[in-house]
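Close look at the chain arrangement
Next come the chains, spelled out residue by residue.
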Amino acid sequence: MNILFIMYDQLRWDYLSCAGHPRLQTPNFDRVAAMGVRFTNAYVQSPVCGSSRMSFYTGRYPSSHGAQWNGFPLRVGEQTLGDHLRRLGMDCYLIGKTHMIADAEGMERLGLAPDTVIGARQAECGFDAVVRDDGLWGEGPDGFYDRKRSPYNEYLKDKGYASANPWHDNANAGVEAGEIASGWFFQNADHPANIREEDSETPWLTDRALEFMERAEGPWCAHVSYIKPHWPYIVPAPYHAMFGSNDVPPATRSDAERENPHPVYAAYMANMIGQAFQRDEVRDKVIPAYMGLIRQCDDQLGRILDRLEETGAIRDTMIVLTSDHGDYLGDHWLGEKDMFHEPSVKIPLIIHDPRAEADATRGTTCDALVEAIDLSATFIEAAGGAVPTHIVEGRALTPFLHGEVPEAWREVAISEYDYSVTPMRAKLGITSDDARMFMVFDGRWKMIHFEGGFRPMLFDLQTDPDEFHDLGENPSVRDEIARLYGHLHHWSLRNAQRVTRSEGDLEKMRGRALRVGIMPFLWDGSEVPEEATAKFRGPAGEDYTP
């Protein structure tokens, strides 16, 4: 079986028609949902691109793998999906984005050259990169945001786009009176991007994926990782005109949220992103473009599905659709991601398992608490392996796919966020070590713990599904807060760093010293089996004692 692992950047869980969006139709996402299982309570381990993706790729929490924010390198030696799958005879490829920063210092210390196979895999999250393009080729006074070569920019130049940076000037900008109408400016979000639709980012990456599948020999796992619908919020024709301000849902926010808000939440509401998305004219421009980007993603997904069906490969390909986090889009007076309300931390997750064992669950939903790290474990099982639980902290979703009830499934979902490098840390006047927050969610009660001496936040999603009313200071819910802190404490005691010895290894090690003649602390040897001391008995030979 092959695995097609498709990720969309910053795709909200509820911006799919199969998830109930009232205006946006996504027939190809729905098509996969009809073929498999749609998980309705899937949560990322960190609501920011880089850290979230490193959790997907390692199957570990951010505080285990250490890459806790964008630009934090994934340290050399962290085992990834590619490491686990290759041991099982499955190759692991990248087509698109990872947002991964290589541990260049660690690689140099160990003598790992990036132009070797092992060095390249260390620098690419364990993948063999068919094409990598992280998709943000912004340029300012100090040069490019990403100093690596952009395959997409080179492609556009080869197609005749004359700009030095066609990613920006064409794919992510429109035209206004003969001038560049940059997609960085929200006022331009309703312009069509100045590019032929077939040359824009999402079709370009789809073409690369189809080329890979045409020549690939299995078994393989292919991570097709789209940059969209991540900002800049601008999309080529005809998608720019498919939706308008009348399609924009009312913002999910309440004045009650701004009455005595938690200090960290208040800092995020007051930042530049939050302030922008609190303006109705911003939402009226951005959200139709965001919906157009999603509709384009859906159409391109249709091309992939059609090819799989035409070739018959769909019969032996697991298909996974997901996202690295959501997008507030003005909900809760916020933009972007970064905190733990549902629009940010909850993600779409749809899995088509082609095996006959999954026939009974096709077209169903699953409400279990699922974490992004569960995909690594799921893929390892799909490749025929046993999950190395001393390394991979997620749990395989195979039982849910096959209509079974897993034993002792998790009671809570955990997510973490390190905001030490953000302006909010400085505004709050706290140390980098204290600029951390943790979500504990049991399916009803969602608690957010903040380091730095702040009180927790608490929401009851049963009575307050929109998460408007923070109960963190309400004395009537002290028991719930204490209970959730108990879960957080239990999670914090997990044994996450003993990654070089499995339970099987420990079992073999137990009593090994006894079997190889190392047994101090005995009185006469009767304390151990007789065979253990057999080498200690027998004729002494010549006596050299005085």
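Reading the values: the criteria
Residues numbered from 1 in each chain as written. Predicted model: local features only at pLDDT ≥ 70, side-chain atom pairs only at ≥ 80, totals over all residues. Heavy atoms only, no water. Helix = DSSP H or I, 4+ residues; strand = E, 2+ residues; numbered from the N terminus. Rg over C-alpha atoms; globule rule 2.2 N^0.38 Å. Contact = heavy atoms within 4.5 Å. Areas by Shrake-Rupley, 256 points an atom, 1.4 Å probe, with all protein chains shown as cover. Lys, Arg positive; Asp, Glu negative; His and termini not counted. Charge placed at Lys NZ, Arg CZ, Asp CG, Glu CD. Pairing = 2+ DSSP bridges. Phe/Tyr/Trp six-rings, centres within 6.5 Å; stacked < 30°, edge-to-face > 60°. Buried < 20%, exposed > 50% of the residue type's maximum accessible area, 1.4 Å probe, protein only. Salt bridge = Lys/Arg side-chain N within 4 Å of Asp/Glu carboxyl O. Core = buried A, V, L, I, M, F, W, Y, C linked by side-chain atoms within 4.5 Å. Axes fitted to C-alpha atoms, helices over the stretch in contact; angles between N-to-C directions. Polar contact = N/O pair within 3.5 Å; in protein donor to acceptor, adjacent residues only side chain to side chain. Parallel < 35°, antiparallel > 145°, perpendicular 65-115°, else oblique. Nonpolar A, V, L, I, M, F, W, Y, C, P; charged D, E, K, R; others polar.

Here we come to the overall build of the chain. A count of helices and strands for the chain gives 19 helices and 17 strands. What you see for the chain is a C-alpha radius of gyration of 26 Å, in line with the 24 Å of a compact globule of 546 residues. Based on the C-alpha atoms only, the size of the chain along its principal axes is roughly 110 × 60 × 55 Å. For the chain, the share of sequence-separated contacts (at least 6 apart) that also reach a separation of at least 24 residues comes to 70%. Counting every atom, the chain has about 23,600 Å² of accessible surface; 51% of that belongs to carbon and sulfur. Mean positive and mean negative side-chain charge positions of the chain (54 and 84 charges, respectively) differ by 2 Å.

Turning our attention to the pairing of strand 7 (residues 173–176). Sheet topology places strand 7 next to strand 8 (residues 179–182); four bridges connect them, and they run antiparallel. Residue pairing across strands places glycine 174 opposite alanine 181, the latter belonging to strand 8. Counted along the chain from strand 7 to the antiparallel partner strand 8, the turn is two residues long, and its residue alanine 177 has a positive phi close to 55 degrees.

What follows deals with the packing of aromatic side chains. Using the criterion set out here, one finds 24 aromatic pairs in the structure. With a centroid separation of 5.3 Å and 85 degrees between ring planes, the pair formed by tyrosine 61 and tryptophan 491 is classed as edge-to-face. Taken as a pair, tyrosine 61 in the loop between helix 2 (49–58) and helix 3 (62–65) and tryptophan 491 in helix 17 (residues 478–492) lie far apart in primary sequence, 430 residues in all. Each member of the pair, tyrosine 61 together with tryptophan 491, is buried. Between the aromatic rings of tyrosine 233 and phenylalanine 277, the centroid separation amounts to 6.2 Å while the plane-to-plane angle is 80 degrees, which identifies the pairing as edge-to-face. Taken as a pair, tyrosine 233 in the loop between strand 9 (220–226) and helix 10 (263–269) and phenylalanine 277 in helix 11 (residues 272–277) lie far apart in primary sequence, 44 residues in all. Here tyrosine 233 matches phenylalanine 277 in class, with each residue buried. An aromatic cluster is present here, built from Tyr15, Phe186, Tyr233, Phe277 and Tyr290 joined pairwise through their rings.

The next subject is the pattern of salt bridges. Scanning all chains against the criterion turns up 44 salt bridges. A salt bridge links lysine 97 to aspartate 9; the nearest nitrogen and oxygen atoms lie 2.4 Å apart. Of this pair, lysine 97 sits in the loop between strand 3 (91–96) and helix 5 (104–109) while aspartate 9 sits in the loop between strand 1 (2–8) and helix 1 (27–35); the two residues are 88 residues apart in sequence, bridging distant segments of the chain. Overall, lysine 97 belongs to the buried group, its relative accessible area being 0%. Aspartate 9 sits in the buried class, given a relative accessible area of 0%. In this structure, lysine 285 and aspartate 190 form a salt bridge, with 2.9 Å as the shortest nitrogen-oxygen distance. Placement of lysine 285 in helix 12 (residues 280–311) and of aspartate 190 in the loop between strand 8 and helix 9 (201–215) is noted, with a sequence separation of 95 residues between them.

Grouped together as the largest cluster of nonpolar side chains are 72 residues, with contacts concentrated most on Phe5, Phe39, Tyr419 and Met437. Discounting residues that sit within four places of it in the chain, tyrosine 419 has contacts with Val264, Tyr268, Met424, Arg425, Leu428, Ile430, Asp434, Ala435, Arg436, Met437 and Phe454. Core analysis: the next-biggest nonpolar cluster, separate from the first, contains 59 residues, Ile95, Ala209, Ile287 and Leu321 among them.

Quick look at the sheet that holds strand 16 (residues 445–450) now. Adjacent strands of a sheet pair through backbone hydrogen bonds, lying either parallel or antiparallel. Within the open sheet, the four strands sit side by side as 14-15-16-17. Their pairing is antiparallel. Two strands lie at the open edges of the sheet, namely strand 14 (413–418) and strand 17 (457–460), each paired on one side alone. Direction aside, the axes of adjacent strands within the sheet are offset by 15 degrees on average. Looking at chain direction, strand 15 (residues 436–441) and strand 16 are connected through five bridges and run antiparallel. The residue bridging valine 440 from the neighbouring strand is methionine 447, located in strand 16. Strand contacts of helix 17: strand 14, strand 15, strand 16 and strand 17, with the helix running at about 65 degrees to strand 16, the strand carrying the most contacts.

With that settled, consider the environment of glutamate 451. Relative to the helices and strands, glutamate 451 resides in the loop between strand 16 and strand 17. In this structure glutamate 451 comes out as partly exposed when scored by relative accessible area, which is 25%. The contacts of glutamate 451, once residues within four sequence positions are left out, are Asp434, Arg436 and Phe438. Within the structure, glutamate 451 has its side chain in polar contact with the side chain of histidine 449 (distance 2.6 Å).

The next thing to look at is the packing of helix 1 against helix 12. One can describe the packing of helix 1 onto helix 12 by two numbers: an axis separation of 7 Å at closest approach and a directional angle of 50 degrees. What the angle tells us is that helix 1 and helix 12 run oblique. Of the residues in helix 12, those touching helix 1 at Pro27, Asn28, Phe29, Arg31 and Val32 are Arg295, Asp298, Asp299, Leu301, Gly302, Leu305, Asp306 and Glu309. Of the residues that constitute the contact of helix 1 with helix 12, the class distribution is five nonpolar, two polar and six charged.

Looking now at helix 7 (residues 151–158). Owing to its 3.6 residues per turn, the α-helix aligns residues three or four sequence positions apart on the same side. Listed in full, the buried residues belonging to helix 7 are Pro151, Tyr152, Asn153, Tyr155 and Leu156. Next to the buried residues of helix 7 lie strand 4 (128–132), helix 8 (166–171) and helix 9. One or two residues past the end of helix 7 sits glycine 160, with phi positive at roughly 105 degrees.

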